[in-house]
Amino acid sequence: MPYGLRVYDANGNISLDITDYIAKIVYTKTVSGTSSGSVYVPGVANKKAIALPTATANNQSGFTAICELTNDGHLNWHPMYTFKQGENYKVPSTILISGETLIYVFLLE
């Protein structure tokens, strides 16, 4: 594997292998770590494509928004939260941890 990307699951099985393809950036979007949204990305519907979120220089937490790319070509994103036990130990409290995120959409050819 001279170039490419392989992603393994917890059991060591390959869940994504793009060593046989060339990845071309077809879309980028910067989103706030507190926002949710969706946008249609032309040219990726029903094709091999992936979306990868990265923290921007303005992202203080290092955590990115969560994103997905649907088969019909829509890029969706939403904030990442963590849960911790509240002071009364009965009601969990949520804390926003994602910051500004740059999302890359790659078309695999």
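Calculation criteria
Residues numbered from 1 in each chain as written. Predicted model: local features only at pLDDT ≥ 70, side-chain atom pairs only at ≥ 80, totals over all residues. Heavy atoms only, no water. Patch = residues over 30% accessible without salt bridge, like charges linked within 9 Å, V, L, I, M, F, W, Y side chains within 5 Å. Areas by Shrake-Rupley, 256 points an atom, 1.4 Å probe, with all protein chains shown as cover. Salt bridge = Lys/Arg side-chain N within 4 Å of Asp/Glu carboxyl O. Helix = DSSP H or I, 4+ residues; strand = E, 2+ residues; numbered from the N terminus. Buried < 20%, exposed > 50% of the residue type's maximum accessible area, 1.4 Å probe, protein only. Pairing = 2+ DSSP bridges. Axes fitted to C-alpha atoms, helices over the stretch in contact; angles between N-to-C directions. pLDDT = per-residue confidence, 0-100. Contact = heavy atoms within 4.5 Å. Core = buried A, V, L, I, M, F, W, Y, C linked by side-chain atoms within 4.5 Å.

Draft legend 1. Examining a nonpolar patch on the surface more closely. Side chains of Tyr81, Phe83 and Leu96 sit close together on the surface and give an oily, nonpolar patch of about 330 Å² of accessible area. Relative to the helices and strands, Phe83 resides in strand 8 (residues 81-85). Classification of Phe83 as exposed rests on a relative accessible area of 59%.

Draft legend 2. Summary view of the sheet that holds strand 6 (residues 66-69). Taking strand neighbours across the sheet as the criterion, the 3 strands line up as 4-7-6 in an open arrangement whose pairing is antiparallel. A strand with exactly one partner marks an edge of an open sheet, and here the two such strands are strand 4 (37-40) and strand 6. Averaged over all neighbouring strand pairs, the angle between strand axes comes to 15°, with direction disregarded. Bridge count between strand 4 and strand 7 (residues 74-78): 4 bridges; the pairing is antiparallel. Counterpart to Gly37 in the pairing with strand 7 is Trp77.

Draft legend 3. Molecular detail of the confidence of the model for the protein. With 89% of its residues at a pLDDT of 70 or more, the protein has an overall mean of 88. At the low end of the mean pLDDT range in the protein sits strand 9 (residues 92-96), at 75; at the high end sits strand 4, at 98.

Draft legend 4. Focus on the pattern of salt bridges. Enumeration according to the criterion identifies 2 salt bridges in this entry. A salt bridge links Asp17 to Arg6, with the shortest nitrogen-to-oxygen separation between them at 3.3 Å. Taken as a pair, Asp17 in strand 2 (residues 14-17) and Arg6 in strand 1 (residues 6-8) lie far apart in primary sequence, 11 residues in all.

Draft legend 5. Up close: the pairing of strand 6. Summarising the sheet, strand 6 and strand 7 pair through 4 bridges and their orientation is antiparallel. Paired with Ile66 across the strands is His78, a residue of strand 7. Counting the residues in the hairpin turn of strand 6 and strand 7 gives 4 residues, including Gly73, whose phi is positive at 95°.

Draft legend 6. The environment of Thr64, seen in detail. With respect to the secondary-structure elements, Thr64 resides in the loop between strand 5 (49-55) and strand 6. C-alpha separation for the pair Thr64 and Gly99, spaced 35 residues apart in sequence, amounts to 5.7 Å. Residue contacts for Thr64: discarding those within four places in its chain leaves Pro53, Thr54, Ala55, Asn59, Met80, Ser98 and Thr101.

Draft legend 7. Main features of the nonpolar core. Grouped together as the largest cluster of nonpolar side chains are 11 residues: Val31, Val41, Val44, Ala51, Ala65, Cys67, Leu75, Trp77, Ile103, Val105 and Leu107. Within the residue set of this core, elements represented by two or more residues are strand 7 and strand 10 (101-108). Examining the composition of this core, we find that 3 residues originate from one element, strand 10, more than from any other. Setting aside its immediate chain neighbours within four residues, Val31 contacts Ala65, Trp77, Glu100, Thr101 and Ile103.

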